[in-house]
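Notes for the structure review
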Amino acid sequence: MFAAEERQWWYAGMRAITQALLDGQLAPAGAGRVLDAGCGTGANLVSLRRYGPTLGVDISEEALAFCRRRGLPVVRGSVLDLPFASGAFGLVTSFDVLYHRWVTDDRAALGELTRVLAPGGLLFVRVPALRLLWGAHDEAVLSRHRYTRAELRGLLAGSGLEVLRASYCNSLLLPLLLARRGLDRLTGRQGSDVSFLPAPFETAFRALLGLEARLVRVASLPVGASVLAVARKPS
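Residues numbered from 1 in each chain as written. Predicted model: local features only at pLDDT ≥ 70, side-chain atom pairs only at ≥ 80, totals over all residues. Heavy atoms only, no water.

Moving on, we come to the overall build of the chain. Regarding its fold elements, the chain presents eight helices and seven strands. Across the 235 residues in the chain, those meeting the buried criterion constitute 52%. For the chain, contacts bridging at least 24 residues in sequence account for 75% of all contacts bridging at least 6. Within the structure as shown, the chain displays about 10300 Å² of accessible surface, and the carbon and sulfur contribution to it stands at 59%. Positive and negative side-chain charges in the chain, numbering 28 and 20 respectively, have mean positions lying 4 Å apart. (Helix = DSSP H or I, 4+ residues; strand = E, 2+ residues; numbered from the N terminus. Buried < 20%, exposed > 50% of the residue type's maximum accessible area, 1.4 Å probe, protein only. Contact = heavy atoms within 4.5 Å. Areas by Shrake-Rupley, 256 points an atom, 1.4 Å probe, with all protein chains shown as cover. Lys, Arg positive; Asp, Glu negative; His and termini not counted. Charge placed at Lys NZ, Arg CZ, Asp CG, Glu CD.)

Next up, the structure:
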C-alpha cells in the first residue's frame, strides 16, 4: 500500500472521486478538525488537508509507522473504540475499513464514527460493493463483507445520520473486473489486486476514474465495484 497509494491508478482515482464529492459539501479548510479512521499508510490524510487539520487513527502499528514516515499526526486505536472526545471532528472519513474482518460489528463502528463527529459535521464512508465480485483479493485483504448502496444507506440512517449522497464508483471498469474475477476462479489465482499495471493501462484506468469523478459531481452512479456515501450529523 505504501509503495502504491501515491501513484497507482486505483488509489489516485479514488482520491479524485472522494474530492469531487466532498468539494460539493465543503469549502477548502471548511471542516474544522478532520479524522481519517482506519488511516492505513496515510496518503488519504495528505489529500484531506485541504479541508482542515488532519489526524489519523489505525489499529495497526505497522501502518502508523508508515504514516510517521510521511510526517503525519497519528494515534493507535480501533474504530470500535475511538480514543477521542464526542463531537471532536467536523469531518470523519472511513476508506475501506468497515468491510474488514477486524471490524466485527460495523454498526458499532459507525456508532463510534458518529459519536466523535460534531453536530452538523460530515461523515464520508467508502466500502467494497457487490457480493458477486468476491474473489481472491477479498481473501487476501481479510474482507468480511461487500455492501450494496441500500445496505450502506441503511447503516448510516440507523446511526442517526442524514445521507446527502450515496453512489457506486469504479463503474466504468466493472465489466473488466467481472471478467478478472471469473478468470481468478478458473485458474485458482490467489493474492491481492494491489499492484502497478503497465504504464498505458495505468494512464487509461486513472483517466476513467477521473471521468467518474466528474460524473459524480452531478449524478450518482447506478452500479460499481465500490460504494460510497456522504452523510451529515444533525445539528
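Side chains that are three or four residues apart share a direction in an α-helix, a result of its 3.6 residues per turn. Every buried residue belonging to helix H6 (residues 149-158) is among Leu152, Leu155 and Leu156, and all of these are buried. The buried residues of H6 occupy an angular sector of 95° when projected down its axis, which confines them to one face. For H6, the exposed residues lying more than 90 degrees away from the buried face are Ala150 and Gly158. The inward-facing, buried residues of H6 abut helix H4 (106-115), strand E5 (117-128), strand E6 (162-169) and strand E7 (226-232). Backbone geometry just downstream of H6 places Gly160 in the positive-phi region, at approximately 85°. (Arc of directions from axis to C-beta.)

With 15 residues, helix H1 (residues 9-23) extends 21 Å from end C-alpha to end C-alpha; this agrees with the ideal 21 Å at 1.5 Å per step. Judged by how many residues are buried, H1 sits mostly within the fold: eleven of 15 residues are covered. On its buried face, H1 sits against helix H2 (43-48), strand E4 (89-95), E5, E6, helix H8 (199-216) and E7. The N-cap residue of H1 is Gln8: its side-chain oxygen and the backbone nitrogen of Trp10 are 3.1 Å apart. (Expected span 1.5 Å × (residues − 1). Polar contact = N/O pair within 3.5 Å; in protein donor to acceptor, adjacent residues only side chain to side chain.)

Now for the pairing of E4. Counting buried residues along E4, seven of its seven residues qualify, which places the element largely inside the surrounding structure. Pairing geometry for strand E1 (residues 34-37) and E4, over three bridges, is parallel. Of the residues in E4, the one forming a bridge with Val34 is Leu91. When E4 meets E5, the two strands line up parallel, connected through six bridges. Considered in E5, the bridge of Phe89 is made with Leu117. Following the chain from E4 across H4 to the adjacent parallel E5, one finds a crossover that is right-handed. (Pairing = 2+ DSSP bridges. Right-handed = clockwise from strand over helix to strand, strands pointing away.)

Here we come to the packing of aromatic side chains. Inspection of every chain in the model, using the stated rule, returns six aromatic pairs. Relative to Tyr11, the ring of Trp10 has its centre 5.2 Å away and its plane inclined at 85°; by these criteria the two rings are edge-to-face. Pairwise contacts between aromatic rings join Trp9, Phe201 and Phe205 into one cluster. In this structure, Arg131 packs its charged tip against the face of Trp134, placed 4.3 Å from the ring centre. (Phe/Tyr/Trp six-rings, centres within 6.5 Å; stacked < 30°, edge-to-face > 60°. Lys NZ or Arg CZ within 6 Å of the ring centre and 35° of its normal.)

With that out of the way, let us pick up the pattern of salt bridges. Counted according to the given criterion, the structure contains twelve salt bridges. The closest approach of N and O atoms between Arg126 and Asp96, which form a salt bridge, is 2.7 Å. Separated by 30 residues along the polypeptide, Arg126 in strand E5 and Asp96 in the loop between E4 and H4 bring together distant segments of the chain. For the residue pair Arg126 and Asp96, the accessibility class agrees, reading buried in each case. (Salt bridge = Lys/Arg side-chain N within 4 Å of Asp/Glu carboxyl O.)

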